[in-house]
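Coordinates in review
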Amino acid sequence: MFLRGLFLVGLSISSTGRGGRVQDPTRLIPNASLYCGCLCSKTTLELGGNYIRAECAAAIAEALRGNAVLTKLHLGGNQLCGLDRFGRGTYSAAGITALAEALKVNEVLKKLDARYNAISGDAAQQLAAAVIDSPSLELFGSVPLKELRANTLDRLDLRDES
């Protein structure tokens, strides 16, 4: 499943077959409806605040593995670990682990925002390692990675300005 062959479906994504036809638009979200066309030439994907959970995060990660176009991915304010902003739900590291693995092979993503997703424990460590090791990533949330890697970062402001 590659991003060039994905459609946004409801609040999630579904793989498509030849000709851009959605094979199973309800696989990830029941009663979802197609509201956005093919992401063939998109370089930015804004999916922040869409209640995306671990299963969908894993699907996004799989798409990211083979993608050669997407340079900015915003996943902030979701439920990538299964927990909502109040900590309700069941924690799952599967989506974050898949995202970390995808970052190891993706060579074009420059900006990734995964803030406000209750990422913790081993999943947080795996994601941090993958982010630091990614040769293409330049910005993680609000952290300038080029400067961090070069040890030239003299100030890091993590305040939320929104």
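Quick summary incoming for the structure in this document. (Residues numbered from 1 in each chain as written. Predicted model: local features only at pLDDT ≥ 70, side-chain atom pairs only at ≥ 80, totals over all residues. Heavy atoms only, no water.)

**Re helix α3 (residues 121-133)**
Here α3 spans 19 Å end to end across 13 residues, near enough to the 18 Å set by a 1.5 Å rise per residue. Inspection of α3 places Ala 123, Leu 127, Ala 130 and Val 131 among the buried residues, and these make up the whole buried set. Seen along its axis, α3 keeps its buried residues to an arc of 100°; they face one direction. Exposed side of α3, more than 90 degrees from the buried face: Asp 122, Gln 125 and Asp 133 are the residues found there. In this structure, the buried residues of α3 make contact with α2 (94-105), β7 (139-140) and α4 (145-149). (Helix = DSSP H or I, 4+ residues; strand = E, 2+ residues; numbered from the N terminus. Expected span 1.5 Å × (residues − 1). Buried < 20%, exposed > 50% of the residue type's maximum accessible area, 1.4 Å probe, protein only. Arc of directions from axis to C-beta. Contact = heavy atoms within 4.5 Å.)

**Here's the deal with the environment of Ser 120**
Summarising the element assignment, Ser 120 is placed in the loop between β6 (111-113) and α3. Judged by relative accessible area, which is 38%, Ser 120 ranks as partly exposed.

**With respect to the packing of α2 against α3**
Contact pair α2 / α3: the axes reach a minimum separation of 9 Å and the direction vectors enclose 15°. Considering the angle they form, α2 stands roughly parallel to α3. Here the hand of the crossing between α2 and α3 comes out left-handed. For the pair α2 and α3, the contacting residues are Ile 96, Thr 97, Leu 99, Ala 100 and Leu 103 in the first and Ala 123, Gln 126, Leu 127, Ala 130 and Val 131 in the second. Partitioned by chemical class, the residues of the contact of α2 with α3 number eight nonpolar, two polar and no charged. (Axes fitted to C-alpha atoms, helices over the stretch in contact; angles between N-to-C directions. Parallel < 35°, antiparallel > 145°, perpendicular 65-115°, else oblique. Left-handed = near helix turned anticlockwise from the far one by under 90°. Nonpolar A, V, L, I, M, F, W, Y, C, P; charged D, E, K, R; others polar.)

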